[in-house]
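Understanding the architecture of this molecule
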Amino acid sequence: MGHLDIRLLGPFEIRRDGLVVQVPGRKVRALLAMLALSCGRTVSFDALGRALWSDDPPQRLRGSLQTYVGRLRRVLGDDAVTTEPAGYRLDVPVESVDVLRFHRLLDDGKLEQALELWRGEPFEGSLSQWFEEHEAPALVERYLTAWEQRTDADIADLQKLTTRYPLRETLWLRLLSALRDTGRQAEALEYYEAFRAHLADELGVDPAPELQAIHRSLLGTKTAGIPRDLTRFFGRDEELAQLGQALRDSRLVTIAGSPGTGKTRLSREVAARNGSRYADGVVLVELVSTPPHALLTEITEDADVLVVLDNCEHVVDEARTAAIQVLATYPSVRILTTSRVPLGAPGEQVFRLTPLAPAPANRLFADRAALVSGAAPADESTVDAICRKLDGLPLAIELAAAWSRVLSPREILERLDPLLQDADGTMRAALDWSYHLLPAPQQLLFERLAVFSGSFDLAALEYVADLGDELLRALTGLVDHSLVITDRLPDGGIRYRLLEPVRQYAATALGEAPSIRARHATHFLAVAQQGDSDLHGNDRGRILIGLQRDEGNFLAALSWARSQPGDTGLRLSTALAYYWEVRGFVNDARTWLEESLDRGEPALRAVALARLGRLAWRQRDYEASTLAYQESLDLNRQLGDDPGTARALRNLALVAAATGQAPYAVDLCAQSIAKFRQYGDERGRGWTLSVLGLAYCEQAAWADAGPCFHEVREIGRSTGSAALTFAGRLGVAYIAAEGGEVRVHREELSAIVADLRTASGLIEDPEWLWASMSLAASEGRVRASLRLAGAATALSRRGGRMSDATTVHCDAIVERLRRQVGGRTADRLMAAGRRLTQDELMAEALAPPTPTDRPLSSRELEVADLAGQGLSNEQIASALVISRRTVESHLEHIRQKLDLSGRYEIIAWALSRSG
């Protein structure tokens, strides 16, 4: 039966081994819920009757219950429900039922774990009225009592609870207290007034004395020193909480960040939400217009006050001196500063402010665009692209959104760089000030960093910047001034980057700088070449992750190299060809290679042509592939490069096998293997064996192909080549699929998916998806198979296609499945597959079969065909000599398996099937 998880605390849901199980019919779900509440104990027939039919049970109660129990057993298994003389019993562990776990956790005092089980109203929307009247109230009461006992209740959750249970005064007390304690007095007052009005309308009474006392304390809060902004504040919930804690821990806290990150706005929100903690409220000093020493005149002896010093970067030394003097003189004062560079005062706690996350950044753009255009933009994907290009920088987003009064989001995206420069000089002025504050070495480094696209590591920085001993001092200064962002990697390493609007400013200051750009291209050529070599080793997951981090720099180097003389562009595109193939970007890789193919000397061209031939083969452009491979072979022979010749022979065999010349391919492979044996190159021999296996597959010589792929897999293991092992496993899986060896197919695919996980989903070759589709079909997982086929088809459009033999095999499977479920359902399932993430696809590939995922049975096909002929359920039952309820059960199974919405879609499917 597997591990069951019966979820009743919210929408009704059953999971087996983590996968959702469909329980057809409202009455069957109610039956299961009632049995689950008394898990392991017998529930009487009468009690079950009340749960399913309330006060109107059928005359043949036991017979009706028996029908629904039969349906339930078909879902859970025959041994799940036991028949007793007085009723039925559900035989699953108590821990399988979330309601019973909830009670047990509360009894053990584990409030948080218990509350995490709650997903909404219990028995929501799927059961009978009886549950809402007899079971839900007690559960809700215990749930709310548990919430009221929590000491760390989250404000957002309290807001939801007071909305759901608007007369629960204890919850309102907790909410108003939490809002007050976090400085959100205005919100708290609004909530109090809404609750007071609701009580008056519903019950004609006033709030409890405790709530009235909180109301009075809110009216007395001092926040007069904080100017209120006229626009809405987005995101930063985590930052607000961290800064509130920082002010409790330290007397001097500095919000440091790049120009335009929203330091000033955040400081005001922090002050507004924390001002009630200070008896004398908040003092705001804006250092753009007020000198720091004026701070001393704002504070009296024994003052309990929060001081906000804004824009300290203009007068860092004076601000530091004033802050130190105030903190030493007035022990109850705390200071919050904003600055692009920390003050450097004793005891200062620096809070680095990063740009907005994608979701709040998008909401900020939509809000500001609506202010000037009257409506939020509907093109959400373009808004997301704008905010990502601006690196989530709030000032840049607001400036871009202001153009919504005359431009569409798509037009803003296309003109983003000049628009930012023209936006009343705000962004440029902010960056001008930061740039001119820098000493000469820092200015020079800042300019040179413009050549990087995306992030970079210290090795790249040392080589490209070419500043010698000055580098680390200059880098530290740029980090302190918040112009360079640091990102810590999971392995403890550090990478650096400039926010895109900042990088654009630096690029203007840098100008052409051909020597710096040449150093950048030279460094990343070396990175690509080393990565190309390492990708054939056993740690390719780590190598792929590293190369992906440098993708932006690879493309920037290629873009620069295409306009320069020399062969740097060809060397770089050749070194990246295999990486791009593994990532699934075959079309792009071929374009880059072809663009610079005429620039290399013979040895380089021989390698580049081999890579080009491989990419053309993946696109099934066999004519171009043959030409490239043949020229590569000719060049290797002219150069006397025997290992290169062995590889070229193998490459020609690959395209020969694909073009119906299998015997010629086998002969070429034999020549290649002989040469690799001569030089003791086991990996080379292994790759040729994989081509030999494909050649045999093209001839349907499965008995010859199988040993080839098994040996490829073993050579990959023995030589430490994960890529070769991967190729061998794919071949073995394919042979197993052809031979109907489902167990072997699943074993090999499990190992393939494990390898994919180590690469963080960066291996996007569609071959493994087609292998997964084939396994799912063999196991009767029809819907999963079509979803996987949809994903594989989409990925193949990037240029990564399979050999002809594999294609014929997979196309036949898809066509068979389409006939089984109908074209409309197949299209819907394949479209759903295109939307799945890599992690979801890996889970789908190895998911166990479920009843609703199997093909229609012969009886279900009969029922569907009769429904398509227009027969009613009674007529179908009479024609097939079965009960009407059995017909209904079959129709429900048909609907679930074919992912159809109702009877009319079943009829349409049956009609399309019959032609």
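Before reading further, recall that the structure is shown in the block above.
Residues numbered from 1 in each chain as written. Predicted model: local features only at pLDDT ≥ 70, side-chain atom pairs only at ≥ 80, totals over all residues. Heavy atoms only, no water.

Structural notes on the overall build of the protein
- Looking only at helices and strands, the protein features 47 helices and 13 strands.
- With respect to the principal axes defined by its C-alpha atoms, the protein has extents near 95 × 90 × 50 Å.
- Here the protein holds 915 residues, and the buried ones make up 53% of them.
- Counting only contacts in the protein whose residues sit at least 6 apart along the sequence, the fraction spanning at least 24 positions is 68%.
- Surface summary for the protein: the accessible area is close to 39,700 Å², and the carbon and sulfur share equals 50%. (Helix = DSSP H or I, 4+ residues; strand = E, 2+ residues; numbered from the N terminus. Buried < 20%, exposed > 50% of the residue type's maximum accessible area, 1.4 Å probe, protein only. Contact = heavy atoms within 4.5 Å. Areas by Shrake-Rupley, 256 points an atom, 1.4 Å probe, with all protein chains shown as cover.)

Focus on the pairing of strand β10 (residues 334-339)
- Judged by how many residues are buried, β10 sits mostly within the fold: five of six residues are covered.
- Remark: the strand β9 (residues 306-310)/helix α15 (residues 316-329)/β10 crossover connection has right-handed handedness. (Right-handed = clockwise from strand over helix to strand, strands pointing away.)

With respect to the packing of aromatic side chains
- A complete count under the given rule lists 15 aromatic pairs for this structure.
- Look at Tyr 435 and Phe 446: their rings are 6.0 Å apart centre to centre, the planes differ by 45°, and that puts the pair in the tilted class. Of this pair, Tyr 435 sits in helix α21 (residues 426-437) while Phe 446 sits in helix α22 (residues 440-448); the two residues are eleven residues apart in sequence, bridging distant segments of the chain.
- Assessed through its relative accessible area of 12%, Tyr 435 is described here as buried. (Phe/Tyr/Trp six-rings, centres within 6.5 Å; stacked < 30°, edge-to-face > 60°.)

Thoughts on the pattern of salt bridges
- Summed over the entire model, instances satisfying the criterion amount to 50 salt bridges.
- A salt bridge links Arg 7 to Asp 5, with the nearest nitrogen and oxygen atoms 3.0 Å apart.
- As a salt-bridge pair, Asp 480 and Arg 352 come within 3.6 Å of each other at their nearest N and O atoms. Linking Asp 480 in helix α24 (residues 471-480) with Arg 352 in strand β11 (residues 348-353), this pair joins segments that are 128 residues apart in sequence.
- One connected set of salt bridges, linked through shared partners, spans Asp 5, Arg 7, Glu 13, Arg 15 and Arg 101. (Salt bridge = Lys/Arg side-chain N within 4 Å of Asp/Glu carboxyl O.)

So, the sheet that holds strand β8 (residues 282-286)
- An order of β8-β9-β10-β7-β11 is seen for the five strands of this open sheet, with the pairing classed as parallel. Single-partner strands in this sheet number two, and they are β8 and β11. Averaged over all neighbouring strand pairs, the angle between strand axes comes to 20°, with direction disregarded.
- Relative to β11, strand β7 (residues 252-257) runs parallel, the two being bridged by six bridges. Note on β11: the bridge partner recorded for Ala 256 is Arg 352.
- Its contacts with the sheet place helix α12 (residues 237-249) against β7, β9, β10 and β11, and it is angled at close to 175° to β11. (Pairing = 2+ DSSP bridges. Axes fitted to C-alpha atoms, helices over the stretch in contact; angles between N-to-C directions.)

Things to note about the packing of helix α3 (residues 61-76) against helix α46 (residues 884-898)
- Two numbers describe how α3 lies on α46: the axes approach to 12 Å, and their chain directions differ by 30°. As far as their axial angle goes, α46 and α3 are roughly parallel. Of the two possible hands of crossing, α3 and α46 adopt the one that is right-handed. Here Thr 67, Tyr 68, Arg 71 and Arg 74 of α3 lie close against α46, whose contacting residues are Arg 885, Glu 888, Ser 889 and His 893.
- Looking at side-chain class alone, the contact of α3 with α46 contains one nonpolar, three polar and four charged residues. (Parallel < 35°, antiparallel > 145°, perpendicular 65-115°, else oblique. Left-handed = near helix turned anticlockwise from the far one by under 90°. Nonpolar A, V, L, I, M, F, W, Y, C, P; charged D, E, K, R; others polar.)

With respect to the nonpolar core
- With 139 residues, the main nonpolar core has Phe 365, Leu 445, Phe 446, Leu 449, Phe 452, Leu 461 and Trp 768 as its most contacted residues.
- The dominant element in this core, judged by the number of residues it contributes, is helix α29 (residues 568-583), at nine residues.
- For Phe 452, the contacting residues outside a window of four places in its chain are Ala 460, Leu 461, Val 464, Arg 503, His 520, Phe 524 and Asn 553.
- Counting residues in each nonpolar core, the second largest holds 74 residues, with Leu 4, Leu 106, Phe 123 and Ala 178 among its members. (Core = buried A, V, L, I, M, F, W, Y, C linked by side-chain atoms within 4.5 Å.)

Remarks on the environment of Leu 139
- Positionally, Leu 139 belongs in helix α7 (residues 136-149).
- With a relative accessible area of 4%, Leu 139 lands in the buried category.
- The spatial distance from the C-alpha of Leu 139 to the C-alpha of Val 99 is 8.4 Å, given a sequence separation of 40 residues.
- Setting aside chain neighbours within four positions, we find Leu 139 in contact with Leu 9, Val 99, Phe 102, His 103, Trp 118, Pro 122 and Phe 123.

Focus: helix α16 (residues 358-373)
- Its 16 residues give α16 an end-to-end C-alpha distance of 22 Å, which sits within 8% of 22 Å, the value for a rise of 1.5 Å per residue.
- Pro 360, Ala 361, Asn 362, Leu 364, Phe 365, Asp 367, Arg 368 and Ala 369 are the residues of α16 that are buried.
- Tucked into the core, α16 has its buried residues touching α13 (263-274), α17 (380-389), α18 (394-401) and α19 (409-414).
- In the stretch just after α16, Gly 374 is the one whose phi turns positive, near 95°. (Expected span 1.5 Å × (residues − 1).)

Details of helix α34 (residues 662-679)
- Under the 1.5 Å per step criterion, the end-to-end length of α34 is 26 Å for 18 residues, consistent within 8% with the ideal 26 Å.
- Inspection of α34 places Ala 662, Ala 665, Leu 668, Cys 669, Ser 672, Ile 673 and Phe 676 among the buried residues, and these make up the whole buried set. When α34 is viewed along its axis, its buried side chains cluster within an angular range of 140° and face the same direction. Among the exposed residues of α34, those oriented more than 90 degrees off its buried face are Pro 663, Arg 677 and Gln 678.
- Turning to α34, the residues buried within the fold contact α33 (642-658) and α35 (682-698).
- Positive backbone phi, at 65°, marks Gly 680, one or two positions downstream of α34. (Arc of directions from axis to C-beta.)

Quick word on the sheet that holds strand β6 (residues 87-90)
- Here three strands make up an open sheet; going across it, the order is β4-β6-β5 and the pairing antiparallel. This sheet does not close on itself; its edge strands, each paired only once, are β4 (42-44) and β5 (81-83). Mean inter-strand twist for the sheet, computed between neighbouring axes without regard to direction, equals 30°.
- Pairing of β5 with β6, which is carried by three bridges, proceeds in the antiparallel orientation. When the bridges of β6 are listed, Thr 83 appears paired with Tyr 88.
- Across the sheet, helix α1 (residues 26-37) lies against β4, β5 and β6, angled at about 75° from β6, the strand it touches most.

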